[in-house]
Amino acid sequence: MRSALSEYGYLSAKLKTRTSTLLDDDIILKLARARTVQEAFISLRGTAYEDLERVYAATGDLKAVEAELFAREAGAYSELLPRLEGPTRAFIAALARRPELDAVKDALRLWFDSHVRGRHIGDRTGYRFAGRVVDRLDFDAIVNAASPAELALAFRGSAYGSIVAKHAQDTARLASLYALESALDAFYFSNLESSLAGLRPADRRLARRFVAFDADIQNLNSLVRSRLAAGPAADQLKRQLIAFPGAVKTDALENALASDKPLDRASAMFHGSIRGLEAFWARADSRGRLGGLERFVRQAKTDEARALKGKNPFSIGVILSYLELRCDELRRLRSALNAAHYGLPEDRARSVI
């Protein structure tokens, strides 16, 4: 195994430079105050995102800008892989499957709408991702597959081949993507857990902590959706909960769902680990609490990434910090542009950025 210095030395310097280009708080504040998309773009002039204004001007469509932002998120992962080796590369490749899976799900939904529901998708296909993150996937073949068998064939040779082959027929027969998407999510976390084993102990602890945050966020999403569902749909969402070392136990989440006070039970699981949650919980209404709980967990992950910037530069933390901060910036930018597009007042815009 290479030494930590030889493995992370070059990347540490490179990623430190890239992290220094992150948007500062003043620009984020200007974005929150923007009343139109054009005004938001003015705030981005002189930054690494100033070219987004040209993308928007060429199409007049915010979806084109969102597609560009997603491509940059995927690129943040894929561009690192050629510079990594061994267990570290295996783990970052497993982590990179998150944006890859987002692109896969988008393509599957287009296929589903077109070939199962019989809907027109021509106005949506121009915005889908067509690049490469980890696997080489033919997204045109996925979207245009004429049958479940052709759909499975389009994934052959990829990490998702056996999963799609198993679920493709039932997806069409039952007219539901739920089982297939759930299986893809389960694969993502299982693959991440397996990839942790080869890391150095200190790197493994850091990496597991970051993945546990993602598992909590995923499970809270299921919790929110289950509260809006009923009967079999709610039961399906409960079965979707991800068990991952370091994340809140899934049986505790299920007990919270069954409780007559699910919001309070869910909050109790996170108290003490996320600063400021108690104060928020006391003043927010029930709907705001549940949505806010996920936001607090996501913020806790970002705060940890910021804290890692000033710590050991010769560990996997330098990569995890960069990826989280860059992707958080892209999420905030996407939210800010949408807030401006829909004319949200500044206080609402700040709450979503």
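Refer to the preceding data block for the structure.
What comes next concerns the included structure. The structure presented is a predicted model; accordingly, all values stated were derived computationally and were not measured. (Residues numbered from 1 in each chain as written. Predicted model: local features only at pLDDT ≥ 70, side-chain atom pairs only at ≥ 80, totals over all residues. Heavy atoms only, no water.)

### Quick notes on helix 6 (residues 86–116)
Inclusion rule: Starting at the N terminus, helices and strands are each numbered in turn, a helix being any DSSP run of H or I of at least four residues and a strand any DSSP run of E of at least two. Expected helix span is taken as 1.5 Å per residue step, with the number of steps being one fewer than the number of residues. The term bend refers to the angle at a residue between two fitted axes, each drawn through seven residues, those ending there and those starting there.
For helix 6, which comprises 31 residues, the first-to-last C-alpha distance of 41 Å matches the rise-based estimate of 45 Å (1.5 Å per residue) to within 8%. Pro 99 marks the point of greatest bend in helix 6, at about 35°. Backbone geometry just after helix 6 places Gly 118 at a positive phi near 70°.

### Describing the packing of aromatic side chains
The line we're drawing: Between rings of Phe, Tyr and Trp, where Trp is taken as its six-membered ring, a pair exists when centres lie within 6.5 Å; planes separated by under 30 degrees are stacked, by over 60 edge-to-face, and by other angles tilted. Geometrically, a lysine NZ or arginine CZ counts as sitting over a ring once it is within 6 Å of the ring centre and also within 35 degrees of the ring normal.
Per the counting criterion, the structure on display carries 6 aromatic pairs. Put simply, the rings of Phe 70, Phe 129 and Phe 139 touch in pairs and so form one group of aromatic residues. Across the ring face of Tyr 188, the terminal group of Arg 98 is positioned such that the distance to the ring centre comes to 4.2 Å.

### Brief notes about the packing of helix 4 (residues 52–59) against helix 5 (residues 62–78)
What counts is decided by this rule: Angles here are taken between N-to-C directions and fall from 0 to 180 degrees, while the axes themselves are lines fitted to C-alpha atoms, restricted in helices to the stretch in contact. Crossing handedness is read from the near helix: turned anticlockwise from the far helix by less than a right angle, it gives a left-handed crossing, and turned clockwise, a right-handed one. Here, residues are in contact when the closest pair of their heavy atoms is within 4.5 Å. Only Asp, Glu, Lys and Arg are considered charged in this grouping, and only Ala, Val, Leu, Ile, Met, Phe, Trp, Tyr, Cys and Pro are considered nonpolar; every other residue, Gly among them, is considered polar.
Orientation of helix 4 relative to helix 5, taken along the N-to-C sense of each, is 145°, at an axis distance of 8 Å. For the pair helix 4 and helix 5, the crossing hand works out as right-handed. Of the residues in helix 5, those touching helix 4 at Leu 52, Val 55, Tyr 56 and Thr 59 are Leu 62, Ala 64, Val 65, Glu 68, Leu 69 and Arg 72. Tallied by class, residues from the contact of helix 4 with helix 5 come to 7 nonpolar, 1 polar and 2 charged.

### Observations concerning unusual backbone geometry
Heads up, the rule is: The buried label goes to any residue with under 20% of its type's maximum accessible area, the exposed label to any with over 50%, and the partly exposed label to all in between, with areas taken from a 1.4 Å probe on protein chains only.
A positive phi angle is found at Ala 175, which is not glycine, with a value near 55°. Structurally, the position occupied by Ala 175 is in the loop between helix 9 (161–174) and helix 10 (178–196). Since its relative accessible area comes to 45%, Ala 175 is described here as partly exposed.

### Comments concerning the pattern of salt bridges
Two side chains with opposite charge may pair up if their charged atoms get near one another. Condition: The salt bridge criterion pairs a side-chain nitrogen of Lys or Arg with a carboxyl oxygen of Asp or Glu, the two atoms within 4 Å.
Inspection of every chain in the model, using the stated rule, returns 24 salt bridges. For Asp 203, the salt bridge identified is with Arg 200, shortest N-O distance 3.8 Å. Each member of the pair, Asp 203 together with Arg 200, is buried. Between Lys 301 and Glu 324 there is a salt bridge whose closest N-O contact spans 3.2 Å. Placement of Lys 301 in helix 16 (residues 286–308) and of Glu 324 in helix 17 (residues 317–341) is noted, with a sequence separation of 23 residues between them.

### Looking at the packing of helix 5 against helix 6
Cut-off, in case you're wondering: An angle below 35 degrees is read as roughly parallel, one above 145 as roughly antiparallel, one from 65 to 115 as roughly perpendicular, and any other as oblique.
Close contact between helix 5 and helix 6 brings their axes to 8 Å; oriented N to C, the two are set at 150°. When the axes of helix 5 and helix 6 are compared, the pair comes out roughly antiparallel. The hand of the helix 5/helix 6 crossing is left-handed. Together, Phe 70, Ala 74 and Tyr 77 of helix 5 and Leu 95, Ala 96, Pro 99, Asp 102 and Ala 103 of helix 6 make up the contact between the two elements. Split by residue class, the contact of helix 5 with helix 6 holds 7 nonpolar, no polar and 1 charged.

### Details of helix 10
Over its 19 residues, helix 10 extends 28 Å from the first C-alpha to the last, a length consistent with the 27 Å expected when each residue adds 1.5 Å. Buried within helix 10 are the following residues: Leu 180, Glu 181, Ser 182, Leu 184, Asp 185, Phe 187, Tyr 188, Phe 189, Leu 192, Ser 195 and Leu 196.

### Focus: the nonpolar core
Short version of the rule: We define a nonpolar core as any set of buried Ala, Val, Leu, Ile, Met, Phe, Trp, Tyr and Cys residues linked to one another through side-chain atoms lying within 4.5 Å.
Among the nonpolar cores identified, the biggest contains 67 residues, and Phe 91 and Ile 319 are the most heavily contacted of them. Apart from the residues within four sequence positions on either side, Ile 319 is in contact with Tyr 8, Leu 11, Leu 15, Leu 80, Leu 84, Thr 88 and Ile 92. Counting residues in hydrophobic clusters, the runner-up holds 24 residues, among them Ile 28, Val 37, Leu 44 and Ala 339.

### Some details on the environment of Thr 125
Short version of the rule: Each polar contact in these results corresponds to two N or O atoms within 3.5 Å; when the atoms are within protein, one needs to be able to donate a hydrogen and the other to accept it, and residues that are neighboring in sequence are counted only if both atoms are side-chain atoms.
Mapped onto the secondary structure, Thr 125 falls in the loop between helix 6 and helix 7 (139–143). Residues Thr 125 and Ala 107, 18 residues apart in the sequence, show an inter-C-alpha distance of 8.6 Å. For Thr 125, the side chain forms a polar contact with the main-chain oxygen of Gly 122, separated by 3.5 Å.

### What about the side chain of Thr 171?
Here Thr 171 lies in helix 9. Setting aside residues no more than four positions away along its own chain, Thr 171 makes contact with Trp 111, Phe 112, Ser 176, Leu 177 and Leu 180.

### Things to note about the environment of Asp 203
Mapped onto the secondary structure, Asp 203 falls in helix 11 (residues 201–228). By relative accessible area, which is 4% here, Asp 203 ends up buried. Taking the C-alpha atoms as reference points, Asp 203 and Ile 316, 113 residues apart in sequence, are found 5.6 Å from one another. Filtering out sequence-adjacent residues up to four positions away, Asp 203 remains in contact with Tyr 8, Ser 315 and Ile 316. Separated by 3.0 Å, the side chain of Asp 203 and the backbone nitrogen of Ile 316 make a polar contact.

Spatial relationships are all this shows, so hold off on functional conclusions.
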